[in-house]
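Each chain is listed here by its residues.
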Amino acid sequence: MKEKLSHIDESGNASMVDVSDKTVTARTAVASGRVEFPSQVFETLAAQDFLGKKGSIIQTAVIAGIQAVKKTSELIPLCHQINLSKVHIGIHPKKNTLEIRCTVKCCEKTGVEMEALTGVSVSALTIYDMCKALSQDIKITDIQLEQKTGGKYDFRS
């Protein structure tokens, strides 16, 4: 574990990390999360091929997640604005669950972990929004960084 927080300066104030001396490298981050449904709700959604009154639940969540990835620096105050090379969001049904996986790539001086996590989070929130009329007992869980490559160190959970 690192010894100090990177976004806090010597005076204890919030500070954006200075990446000007860092090297541009290919960077990738993968995040995942889950939306868990009561079994009856999941069965209803699956029987309708995950199509609701507002349209395709899965495709709407994918588009929302991609849009969120692109807006991460506007949502998270100390994130750098970066040029993205690739965003992929996959949403797959498992038992009473929609599993979300977001992969983000760039060639930059800073990583894309926050972008991947934001993509998963907004995809999950979109699913919740589109399904909440069926139940408020829907849970968004297990949002986590699975791996990152590039920069000082690689990570895999």
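Heads up: these notes are all about the structure in this document. All values reported here derive from a predicted model rather than from experimental measurement. (Residues numbered from 1 in each chain as written. Predicted model: local features only at pLDDT ≥ 70, side-chain atom pairs only at ≥ 80, totals over all residues. Heavy atoms only, no water.)

**So, the layout of surface pockets**
The following threshold applies: Of the grid points, spaced at 1 Å and generated over the protein atoms alone, those admitting a 1.4 Å probe that cannot get out make up cavities, while open sets with protein on both sides within 12 Å along at least five of seven lines make up pockets; any residue with an atom within 4 Å of a point is treated as lining. Grid points are joined across faces, edges and corners, and a volume is the space filled by probe spheres set on the points. Strands here are runs of E lasting at least two residues and helices are runs of H or I lasting at least four, both read from the DSSP assignment and numbered beginning at the N terminus. Any residue that is not Ala, Val, Leu, Ile, Met, Phe, Trp, Tyr, Cys, Pro, Asp, Glu, Lys or Arg is counted as polar, Gly included; the first ten are nonpolar and the last four charged.
Volume-wise, the second largest pocket comes out at about 230 Å³. Forming the boundary of the second largest pocket are 13 residues, of which Gly52, Lys53, Met130, Ala133 and Leu134 lie nearest the centre. Secondary structure elements with two or more residues in the lining of the second largest pocket: helix H1 (39–47), strand E2 (51–52) and helix H4 (113–131). Among the residues making up the lining of the second largest pocket, the classes are represented as 7 nonpolar, 3 polar and 3 charged.

**Looking at the side chain of Glu115**
For clarity, the threshold we go by: Working rule for contacts: check all heavy atoms of both residues, and any pair within 4.5 Å makes them a contact.
By the element assignment, Glu115 lies in helix H4. With sequence-adjacent residues up to four places away left out, Glu115 is seen in contact with Val69, Thr72, His80, Ile82, Leu84 and Val104.

**Quick word on empty space enclosed by the protein**
Rolling a probe over the atoms, with the probe sized like a water molecule, indicates the empty space that remains. Per the stated rule, a full pass over the model turns up 1 cavity of 30 Å³ or more. Roughly 30 Å³ of internal volume is contained in the largest cavity. Residue lining of the largest cavity: Arg27, Thr28, Ala29, Gly111, Val112, Glu113, Lys148, Thr149 and Gly150, and that is the complete set. Listing elements by their share of the lining of the largest cavity, those giving two or more residues are strand E1 (25–36) and strand E6 (139–149). Ranked by residues supplied to the lining of the largest cavity, first place goes to E1 with 3 residues.

**Digging into the packing of aromatic side chains**
Each aromatic ring pair is summarised here by two numbers: the centre-to-centre distance and the angle between the ring planes. Definition in use: When the centres of two rings from Phe, Tyr and Trp lie within 6.5 Å, Trp using its six-membered ring, the rings pair. Their planes under 30 degrees apart give stacked, over 60 give edge-to-face, and anything left gives tilted. Think of it in three bands: residues with accessible area under 20% of the maximum for their type are buried, residues over 50% are exposed, and the middle band is partly exposed, with areas taken using a 1.4 Å probe on protein chains only. Lysine NZ or arginine CZ positioned within 6 Å of the ring centre and within 35 degrees of the ring normal marks a charge as sitting over the ring.
Summed over all chains, the structure comprises 2 aromatic pairs. On the numbers, 6.0 Å between centres and 45 degrees between planes, the contact of Phe37 with Phe42 is tilted. Using a relative accessible area of 6% as the deciding quantity, one classes Phe37 as buried. The buried category is assigned to Phe42, whose relative accessible area is 9%. Taken together, the ring pairs in this structure connect Phe37, Phe42 and Phe50 into an aromatic cluster. The ring of Tyr153 is capped by Lys148, whose NZ or CZ atom sits 4.5 Å from the centre of that ring.

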